[in-house]
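Structural characterization, general
Residues per chain are reported as follows:
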Amino acid sequence: MQPPIHIAPHRRDIDAEIVPLLFKGNRKSIAIAIFIITLTAYLQSDNHHISQTLSWFAWIFSTYSIQTLISRAHSQKTFELTNRHWLYLFRAAAALCGLTWGLSSLFFFQPSDYLHQAFLTMSLAGICGGAIVIYALDRYASLSFLTFLLLSFLPPFFHSNDALTISIALIFLTFVLCITLAGFNLAQTLRENIALRISSNLRKEEIQRLAYYDALTNTPNRRLLTERLNHCLKLSQRSKSCIAVMFMDLDNFKTLNDSKGHAIGDLLLQQVAKRLEKSVRNHDTIARIGGDEFVVVLEELGNDFDAAQAAVETIAKKILKEFNKPFKLNEQDHICSPSIGIYIYAGDNLSVEEVLKRADSAMYQVKQSGRNNFKFYDISIQPKLDLLAM
């Protein structure tokens, strides 16, 4: 029984998931923060000089304006940054917001006014709770916000030398630490869920790849080739456009495999796949269907059979030219020639198996006539080939 496929997601995959979510949640939090800022400024205006309140309002409003610009730049992709750099920028913005909220104690702290101190700490406790929820996906953003907030907010309380004021600050600090721990647990759960989902998607992609692609050359296998070729034949029947199927076999590959070992043979097959990719167009299909056999499907060759044949001949010559160059196998040069059989399909009523069989028959003709060449399928010699195959 095959062991289950387990693929651990890379950090950049997780970043790609959490960064958009962080910025999306941040945009909503900015609207709420502006409401709280306005309410706080209004409530504080009775207890402070209006100029002091307006200074605090301008300071914190500027901070959130910067955060808004960063969020807009991310949504509009203004800068070409990686998700990791966007995350660093988000953490810096979170630290700036924490510092700005913390400095509110410099504007509004009133010694011996315990009711006002309680109101101030309760307001900041609510801000901390909201920030931890918003930043839950990234603990470093939460830590940045809370660290700068606490370091700038608490000093006036502890420097007051008032026991009740210090008690209010300690209660506030205890609350913040408790919700921080709860936030970290939430963050861990969210990250694990994201990692599991990404791992599941990667596992599905890997299973899909193993089902449809050759593991050695990463080219389509026989199963995917059959599906693509079947689709091409149907399109050709409707449009009467020609397609070509090249059936290629490596000459004397078994000799190399037996004398040098399978590792060298595998290395050759990988290089063969790369050279084929260089020789054909981007939308053509290259498949390894087993051993040293490759199939190339050339699509969209037009309705003119003679022009299609000329185009295929050009590609076949290009492949032969590529294969005439030595292959580098563990620092040793190796010459490997191909035998290529070609069948041009022009909307005939043939199955995938029959098309492949005709290209294979043409390849067999090349083998019989000296190898290292290509031939187009000739229906007139099919009876002779059938007798030889018996």
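Residues numbered from 1 in each chain as written. Predicted model: local features only at pLDDT ≥ 70, side-chain atom pairs only at ≥ 80, totals over all residues. Heavy atoms only, no water.

1. Considerations on the pairing of strand 1 (residues 243-250)
- Within strand 1, 8 of the 8 residues are buried, which leaves it mostly tucked inside the rest of the structure.
- Burial of the side chains of strand 1 extends over both faces: Ile243, Val245, Phe247 and Asp249 are buried on one face and Ala244, Met246, Met248 and Leu250 on the other.
- Pairing of strand 1 with strand 6 (residues 338-345) involves 8 bridges; the strand directions are antiparallel. The residue of strand 6 that forms the bridge with Met246 is Ile342.
- Here strand 1 pairs with strand 3 (residues 293-298) via 6 bridges, running antiparallel. Across the sheet, Met248 pairs through a bridge with Phe294, a residue of strand 3. (Buried < 20%, exposed > 50% of the residue type's maximum accessible area, 1.4 Å probe, protein only. Helix = DSSP H or I, 4+ residues; strand = E, 2+ residues; numbered from the N terminus. Pairing = 2+ DSSP bridges.)

2. Focus: the packing of aromatic side chains
- Counted by the stated rule, this structure contains 11 aromatic pairs.
- Taken together, a centroid distance of 5.8 Å and an interplanar angle of 65° make the contact between Tyr135 and Phe145 edge-to-face. Taken as a pair, Tyr135 in the loop between helix 5 (114-134) and helix 6 (139-153) and Phe145 in helix 6 lie far apart in primary sequence, 10 residues in all.
- Residue class for Tyr135 comes out buried when judged on its relative accessible area of 4%.
- Residue Phe145 is classed as buried on the basis of its relative accessible area of 2%.
- Members of the aromatic cluster, each reached through a chain of ring pairs, are Phe23, Trp86, Phe90, Tyr135 and Phe145.
- We note Arg223 situated over the ring of Tyr212; from NZ or CZ to the ring centre the distance is 4.5 Å.
- If you follow Arg275 out to its NZ or CZ, it ends over the ring of Phe327, 3.7 Å from the centre. (Phe/Tyr/Trp six-rings, centres within 6.5 Å; stacked < 30°, edge-to-face > 60°. Lys NZ or Arg CZ within 6 Å of the ring centre and 35° of its normal.)

3. A closer look at the sheet that holds strand 7 (residues 373-376)
- Spatially, the 5 strands line up as an open sheet ordered 2-3-1-6-7, and their pairing is mixed. Strands at the two margins of the open sheet, each flanked by one partner only, are strand 2 (285-290) and strand 7. Going from strand to strand, the sheet's axes swing by 20° on average, the running direction of each strand aside.
- Across the sheet, helix 13 (residues 352-368) lies against strand 1, strand 3, strand 6 and strand 7, angled at about 140° from strand 6, the strand it touches most. (Axes fitted to C-alpha atoms, helices over the stretch in contact; angles between N-to-C directions. Contact = heavy atoms within 4.5 Å.)

4. Considering the confidence of the model for the protein chain
- Averaged over all residues, the pLDDT of the protein chain is 85; the fraction at 70 or higher stands at 90%.
- For the protein chain, per-element mean pLDDT is lowest for helix 14 (residues 382-389), which scores 58, and highest for strand 3, which scores 96.
- Taken together, the stretch residues 1-6 has pLDDT below 50 and engages in 5 contacts with residues farther than four places along the chain or on a different chain. (pLDDT = per-residue confidence, 0-100.)

5. Some details on the layout of surface pockets
- Approximately 220 Å³ is the volume found for the largest pocket.
- Lining the largest pocket we find 15 residues, and of these Ser29, Ile127, Gly130, Ala131 and Ile134 sit closest to its centre.
- Listed by contribution, the elements that provide at least two residues to the lining of the largest pocket are helix 1 (11-44), helix 2 (50-75) and helix 5.
- Counted by class, the lining of the largest pocket contains 10 nonpolar, 5 polar and no charged residues. (1 Å grid on protein atoms, 1.4 Å probe; cavity = no way out; pocket = protein on both sides within 12 Å on 5 of 7 lines; lining within 4 Å. Points joined across faces, edges and corners; volume = space filled by probe spheres on them. Nonpolar A, V, L, I, M, F, W, Y, C, P; charged D, E, K, R; others polar.)

6. What about a nonpolar patch on the surface?
- A surface patch of nonpolar side chains, amounting to about 250 Å² of accessible area, comprises Phe79, Leu81 and Leu89.
- With respect to the helices and strands, Leu89 occurs in helix 3 (residues 83-102).
- With relative accessibility at 31%, the residue Leu89 sits in the partly exposed group. (Patch = residues over 30% accessible without salt bridge, like charges linked within 9 Å, V, L, I, M, F, W, Y side chains within 5 Å. Areas by Shrake-Rupley, 256 points an atom, 1.4 Å probe, with all protein chains shown as cover. Salt bridge = Lys/Arg side-chain N within 4 Å of Asp/Glu carboxyl O.)

7. Some words on the packing of helix 2 against helix 3
- Running from N to C, helix 2 and helix 3 cross one another at 170°; their axes reach a closest spacing of 10 Å. For the element pair helix 2 / helix 3, the angle class is roughly antiparallel. For the crossing formed where helix 2 meets helix 3, the hand is left-handed. Seen from helix 2, the contacting residues are Trp56, Trp59, Ile60, Thr63, Tyr64, Ile66, Gln67, Ile70, Ala73 and His74; seen from helix 3, they are Trp86, Leu89, Ala93, Ala94, Leu96, Cys97, Thr100 and Trp101. (Parallel < 35°, antiparallel > 145°, perpendicular 65-115°, else oblique. Left-handed = near helix turned anticlockwise from the far one by under 90°.)

8. Concerning the environment of Lys367
- Mapping Lys367 onto the fold places it in helix 13.
- When neighbours within four sequence positions are excluded, Lys367 is seen to be in contact with Asp249, Leu250, Asp251 and Ser339.

9. So, the nonpolar core
- Of all hydrophobic cores here, the largest spans 44 residues; its most connected members are Trp101, Phe145, Leu149, Phe153 and Phe172.
- When residues of this core are traced back to their parent elements, those giving at least two are helix 1, helix 2, helix 3, helix 5, helix 6 and helix 8 (163-212).
- Not counting residues up to four positions away in its chain, the partners in contact with Phe172 are Thr121, Leu124, Ala125, Cys128, Leu149, Leu150, Phe153 and Leu154.
- Residues Cys242, Leu268, Ile315 and Ile340 belong to the second largest nonpolar core, which totals 34 residues. (Core = buried A, V, L, I, M, F, W, Y, C linked by side-chain atoms within 4.5 Å.)

10. With respect to the pairing of strand 3
- In terms of burial, strand 3 is a largely internal element, 5 of the 6 residues being buried.
- Inspection of the sheet shows strand 2 paired to strand 3 by 5 bridges, in the antiparallel sense. Across the sheet, Ile286 pairs through a bridge with Val296, a residue of strand 3.
- Counted between consecutive antiparallel strands, the loop separating strand 2 from strand 3 contains 2 residues, among which Gly291 sits at a positive phi close to 55°.

11. Quick look at the pattern of salt bridges
- Summed over all chains, the structure comprises 11 salt bridges.
- The residue Asp214 makes a salt bridge to Arg288 at a minimum N-O spacing of 2.9 Å. In this pair, Asp214 sits in the loop between helix 8 and helix 9 (222-239) while Arg288 sits in strand 2, placing the two residues 74 residues apart along the sequence. The pair Asp214 / Arg288 is uniform in exposure class, with both members buried.
- In this structure, the salt-bridge partner of Lys325 is Glu322, at a minimum N-O distance of 3.3 Å.
- On the basis of relative accessible area, Glu322 is assigned to the buried category, the value being 12%.
- Residues joined in a network through salt bridges with shared partners are Asp249, Asp251 and Lys367.

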